[in-house]
Amino acid sequence: MLSSLRSLPRGAPSGLWIRTFASNKIPAPPMTYIAGEEMSWYTMKIIREKWVEPFIDTSKWEYFDLSCKHRDDSDDKVLHEAVASGARLGAIFKEPTITPSAEQVKQFGLKKPRGSPNGAMRRGWNGITIS
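What counts, and at which threshold
Residues numbered from 1 in each chain as written. Predicted model: local features only at pLDDT ≥ 70, side-chain atom pairs only at ≥ 80, totals over all residues. Heavy atoms only, no water. Helix = DSSP H or I, 4+ residues; strand = E, 2+ residues; numbered from the N terminus. Expected span 1.5 Å × (residues − 1). Buried < 20%, exposed > 50% of the residue type's maximum accessible area, 1.4 Å probe, protein only. Arc of directions from axis to C-beta. Contact = heavy atoms within 4.5 Å. Phe/Tyr/Trp six-rings, centres within 6.5 Å; stacked < 30°, edge-to-face > 60°.

What follows concerns helix α3 (residues 77-89). Over its 13 residues, α3 runs 18 Å from end to end, which matches the ideal 18 Å to within 8%, given 1.5 Å per residue. Taken together, the buried positions of α3 are Val-78, Leu-79, Ala-82, Val-83, Ser-85 and Gly-86. For α3, the arc enclosing every buried residue in end-on projection is 165°, short of the 170-degree limit, so these residues lie on one face. Of the exposed residues in α3, those oriented more than 90 degrees away from the buried face are Lys-77, His-80 and Arg-88. Tucked into the core, α3 has its buried residues touching β4 (31-35), β6 (61-65), α2 (68-73), β7 (92-94) and α5 (117-124).

Next up, the structure:
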């Protein structure tokens, strides 16, 4: 780790160090990334844009949008694809998702209520718990 630390150039404030790497980004291993809903989605979008993507190459990540609207539009195909990806890769990051109430089904304009994605994920991932 110390070999990757370099002091800032002459004229910069003293005592500051920057971390450098041989390449611009650290390669991340393949992973299933499951995007969620509402504030968790927005928060993770900011974290990815500001703190992950500038430093880590996430090109091997497989992204799935499990928002209520996208699940409804795909007739839950996206859920099955995400479960298959997670089972294949064995590395999963999941944002919180919601199971819409009857009122939310109307509010979001969904075709029909969808069950919780967590049950399908547990079954597809051999009982792995999701927190």
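Structure's up, so let's keep going.
To continue, consider the packing of aromatic side chains. Per the stated rule, a full pass over the model turns up four aromatic pairs. Ring plane angle 40° and centroid distance 5.2 Å describe the contact between Tyr-33 and Tyr-63, whose orientation is recorded as tilted. One end of the pair, Tyr-33, is in strand β4; the other, Tyr-63, is in strand β6, with 30 residues separating them in the sequence. Accessibility expressed as a relative area gives 2% for Tyr-33, which makes it buried. You can call Tyr-63 partly exposed: its relative accessible area is 39%. Seen in terms of ring centroids, Trp-61 and Tyr-63 are 6.2 Å apart; in terms of plane orientation they differ by 50°. Their pairing is tilted. Given a relative accessible area of 16%, Trp-61 falls into the buried group. Taken together, the ring pairs connect Tyr-33, Trp-61, Tyr-63 and Phe-93 into an aromatic cluster.

Turning our attention to unusual backbone geometry. Located in the positive-phi region is Asp-75, a residue other than glycine, with phi close to 50°. For Asp-76, which is not glycine, the phi dihedral falls at a positive 70°. Within the element layout of this structure, Asp-76 appears in the loop between α2 and α3. Judged by its relative accessible area of 12%, Asp-76 falls in the buried class.

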